[in-house]
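# Examination of the molecular architecture
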Amino acid sequence: MGSNIDLDSLSEATSGAIGALVSTTVLYPLDTCKTKYQAEVRVQGHQRYRNLSDVLWEAISTNQVLSLYQGLGIKNLQSFISQFIYFYGYSYFKRLYLEWSGNKSIGTRANLIVAAAAGACTVIVTQPLDTVSSKLQTSNFGKSKGLWKTISESNWNGAFDGLGISLLLTSNPSIQYTVFDQLKRRLLKGQQTGSVTNSTPEALSAFSAFLLGAVSKSIATCLTYPAIRCKVTIQAADPDDDGTEEPHQLKEPKTISGAIVAIWKREGLLGFFKGLQAQILKTVLSSALLLMIKEKITKTTWVLMLALSKYLLLKQSRLKKKV
């Protein structure tokens, strides 16, 4: 039983991480435009970007289209690690709960707790990568300092900018995957073949997984967006930081309260929802693509890992016989 739990958790984590890698790479230019647009806080009525397309046009007009990919490597690393940890933790904690409770299915409240626990573990491990990624994305086009210089100029505390709000935002994937699992369970109900020998994980069709992923992520994004906007402003590169060696000026402390006050004073209540459409577009496409890929490769990953584990066990038993 224990080996099956580990195998299922590992296959969920691997397929989720691969899905994250693909979706992040495909949608990265949109993610860069979205992040730069969110990070800008209007100063004295002046606004550099009035909508999402202004960011794209700036990159095109300055011949810096490739800068839309600045920070892609670190973003992919962060996405792969975070999704692997999240899916492994989510699957593992859920199975532990079912064993402990003796229930055949997990309820909504327990699902939220399990998802939040997995999300908290993920955030603590990957927060430095998330901070560096945001700084690289929000740097001026063509003037990104690069990964190592950005890391070397950040102190240990700076690497965890926005950790508190990131922990708060663990409710986002908790809501998303709870909604997704509930919708998936209802959709798959009554569709089982009845075969007792079929022990591989159930999978949705690609289209169904895409739709359920889009719906679940839309709900989670709308509920948590003000916190998302504050997080981006906290982690963004400084507006005057263009990569040159200029004397450091006094900057506002990057705290949750500082971000809230800055947005409220300069943009008002609606400022907390600036870029909501762009966030929904990017995250819905990304999440739906991730879940679609994950659903389609989970069974294959599960079978491959099962075959590999049996091969390793067989090889180990042969070695013991020789000894």
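Our structure is the block above this text.
Here is a short report on the structure shown in this document. (Residues numbered from 1 in each chain as written. Predicted model: local features only at pLDDT ≥ 70, side-chain atom pairs only at ≥ 80, totals over all residues. Heavy atoms only, no water.)

Attention shifts here to the overall build of the protein. Per the secondary structure count, the protein includes 12 helices and zero strands. The helix and strand sequence of the protein, counted from the amino end, reads α-α-α-α-α-α-α-α-α-α-α-α. By residue count, 44% of the 323 residues in the protein fall in the buried class. Considering only intrachain contacts with a sequence separation of at least 6, the fraction spanning at least 24 residues in the protein is 84%. For the protein, the computed accessible surface area is about 17,400 Å², with 64% contributed by carbon and sulfur atoms. (Helix = DSSP H or I, 4+ residues; strand = E, 2+ residues; numbered from the N terminus. Buried < 20%, exposed > 50% of the residue type's maximum accessible area, 1.4 Å probe, protein only. Contact = heavy atoms within 4.5 Å. Areas by Shrake-Rupley, 256 points an atom, 1.4 Å probe, with all protein chains shown as cover.)

With respect to the helices and strands, aspartate 31 occurs in helix 2 (residues 28–39). Only 3.3 Å separates the side chain of aspartate 31 from the side chain of lysine 34, close enough to count as a polar contact. Once you skip the residues sitting within four places of it in the chain, aspartate 31 turns out to touch Lys75, Gln137 and Lys282. (Polar contact = N/O pair within 3.5 Å; in protein donor to acceptor, adjacent residues only side chain to side chain.)

What follows is about the nonpolar core. Residues Tyr86, Phe87, Tyr90, Tyr177, Leu204, Leu290 and Leu291 are the most contacted members of the largest nonpolar core, which totals 18 residues. Contributing elements (two or more residues each) for this core: helix 1 (2–26), helix 4 (72–101), helix 5 (108–138), helix 9 (171–188), helix 10 (206–235) and helix 12 (276–322). Ignoring sequence-local partners within four residues, the contact set of tyrosine 177 consists of Gln83, Tyr86, Phe87, Tyr90, Leu290 and Leu291. If you look at the next biggest cluster of nonpolar residues, it comprises 11 residues, including Ile165, Tyr225, Ala227 and Ile228. (Core = buried A, V, L, I, M, F, W, Y, C linked by side-chain atoms within 4.5 Å.)

Here the focus is the packing of helix 9 against helix 10. The geometry of a pair of packed helices is captured by two quantities: the angle between their axes and the separation between those axes. Relative to each other, helix 9 and helix 10 sit at 155°, their axes nearing to 8 Å. When the axis of helix 9 is compared with that of helix 10, the two are roughly antiparallel. Between helix 9 and helix 10 lies a crossing whose hand is right-handed. Of the residues in the contact of helix 9 with helix 10, the class split is 12 nonpolar, eight polar and two charged. (Axes fitted to C-alpha atoms, helices over the stretch in contact; angles between N-to-C directions. Parallel < 35°, antiparallel > 145°, perpendicular 65-115°, else oblique. Left-handed = near helix turned anticlockwise from the far one by under 90°. Nonpolar A, V, L, I, M, F, W, Y, C, P; charged D, E, K, R; others polar.)

Evaluation of the coordinates by the stated rule reveals seven salt bridges. In this structure, glutamate 40 and lysine 274 form a salt bridge, with 3.6 Å as the shortest nitrogen-oxygen distance. With glutamate 40 in the loop between helix 2 and helix 3 (52–61) and lysine 274 in the loop between helix 11 (256–267) and helix 12, this residue pair connects regions lying 234 residues apart in the sequence. Relative accessible area serves as the criterion here: at 9%, lysine 274 is assigned to the buried category. Residue aspartate 130 pairs with lysine 231 through a salt bridge whose shortest N-O separation is 2.6 Å. With aspartate 130 in helix 5 and lysine 231 in helix 10, this pair connects stretches of sequence that are 101 residues apart. A single burial state applies to aspartate 130 and to lysine 231, both of which are buried. One network of salt bridges, in which partners are shared, links Asp31, Lys34, Lys75 and Lys282. (Salt bridge = Lys/Arg side-chain N within 4 Å of Asp/Glu carboxyl O.)

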